[in-house]
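# Chains, contacts and geometry: an overview
Now for the letters of each chain:
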Amino acid sequence: MSVFDQMLARYDDELGKRNATYDVMQEIILAGLYRGGFFNKAAFYGGTCLRIFHGLNRFSEDMDFSLLTPDADFKLEDYFPAIIQEFKAAGKDVVITKKEKRESGRVESAFLKDNSEMYHLKFQTEKSIKIKIEIDVDPPLKFDTEQKLLLLPFSFMTRCFVLSDLYAGKMHALVYRRWKQRVKGRDWYDFEWYVRNGVKLNFNHLQERIKQFDNIEMSKDQFIAKLKEVLANTDIGLVKQDVLPFIKNPEELDIWSNDYFLQLADMIKLQE
């Protein structure tokens, strides 16, 4: 049995092979990046980071990374050989392709920046299993990182945003993400997780994100007002529809309503 199959065997059948395969692929990608020295220069953030290292109970497809400091000359391609070799050692051949960014691509990418790079990694024989990897080479700053341990496919450390800064990135996405007619309910699911777990929001990092991506100066009160506007006026049916394929227990969403999320907004704790 290959290392990949051994890792896959950890999962219950009820989770679905597709979701479990994403999990295993993401862990192997992180292992390859570690071997290549990537985490000396960059950190992992986003919903997939929250799931892998903090137990978020939903599946995720994309992987988001940020350089620790801006570097216009950074090339993620330099780390492809380490990723490909890691998959080969686990018993899988993969291909990595650069995604050409077009206007229509804004549907797929949270914040499509001229100075971010985006790639797809997939099995050569399983085109439906594809992971989008995005790296921000000119990141909003005022964030902190920590080293988090994974034990498979071997023991290694991944540099990640700390929870308060992961939270800031998610709140920015919830309020400002533009998906045309689509709603990303996964942002709402993650927001609920942060509030339920009493995580404190780093508003300083959130302000940096709003300034860079949206060119807006915003106070805490102004942001909460904008957040509540989004929570009150979004079709909650579309929110649920988006997140359902990524969770194991649909009953989690029974309580979801616009009023429910407005009350969650009143429970946000800010980092001092």
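Coordinates for the structure precede this section.
Here the structure is a predicted model, which means the values were calculated and not measured.

## As for the packing of helix α8 (residues 220-233) against helix α10 (residues 258-265)
At their nearest, the axes of α8 and α10 sit 8 Å apart, and the two run at 165° to each other. For the element pair α8 / α10, the angle class is roughly antiparallel. Taken as a pair, α8 and α10 cross one another with a handedness that is right-handed. Counting all contacts with α8, which are made through L227, K228, L231, A232 and N233, the residues of α10 involved are N258, F261, L262 and A265.

## Describing the pattern of salt bridges
According to the stated counting rule, one finds 14 salt bridges in the structure shown. In this structure, the salt-bridge partner of D23 is R51, at a minimum N-O distance of 2.8 Å. With D23 in helix α2 (residues 17-35) and R51 in helix α3 (residues 47-54), this residue pair connects regions lying 28 residues apart in the sequence. For D23, a relative accessible area of 6% gives the class buried. Here K170 ties to D190 by a salt bridge, and the two come within 3.1 Å at their closest N and O atoms. Of this pair, K170 sits in helix α5 (residues 163-176) while D190 sits in helix α6 (residues 185-196), and the two are 20 residues apart along the sequence.

## Concerning the environment of L238
Tracing the backbone shows L238 in helix α9 (residues 236-243). Considering only alpha carbons, one finds L238 and V183, 55 residues apart in sequence, at a separation of 6.3 Å.

## Focus on a nonpolar patch on the surface
On the surface, Y34, L149, L151, L152 and M157 cluster together to form a nonpolar patch covering roughly 450 Å² of accessible area. Mapped onto the elements of the fold, L152 is located in the loop between β6 (145-150) and β7 (156-161).

## A look at the state of the cysteines
On inspection of all chains with the given rule, the structure shows zero disulfides. Looking at the unpaired C49, the closest cysteine sulfur is the one in C160, lying at 3.7 Å. For C160, a relative accessible area of 0% puts it in the buried group.

What counts and what doesn't
- Residues numbered from 1 in each chain as written.
- Predicted model: local features only at pLDDT ≥ 70, side-chain atom pairs only at ≥ 80, totals over all residues.
- Heavy atoms only, no water.
- Axes fitted to C-alpha atoms, helices over the stretch in contact; angles between N-to-C directions.
- Helix = DSSP H or I, 4+ residues; strand = E, 2+ residues; numbered from the N terminus.
- Parallel < 35°, antiparallel > 145°, perpendicular 65-115°, else oblique.
- Left-handed = near helix turned anticlockwise from the far one by under 90°.
- Contact = heavy atoms within 4.5 Å.
- Salt bridge = Lys/Arg side-chain N within 4 Å of Asp/Glu carboxyl O.
- Buried < 20%, exposed > 50% of the residue type's maximum accessible area, 1.4 Å probe, protein only.
- Patch = residues over 30% accessible without salt bridge, like charges linked within 9 Å, V, L, I, M, F, W, Y side chains within 5 Å.
- Areas by Shrake-Rupley, 256 points an atom, 1.4 Å probe, with all protein chains shown as cover.
- Disulfide = S-S within 2.5 Å.

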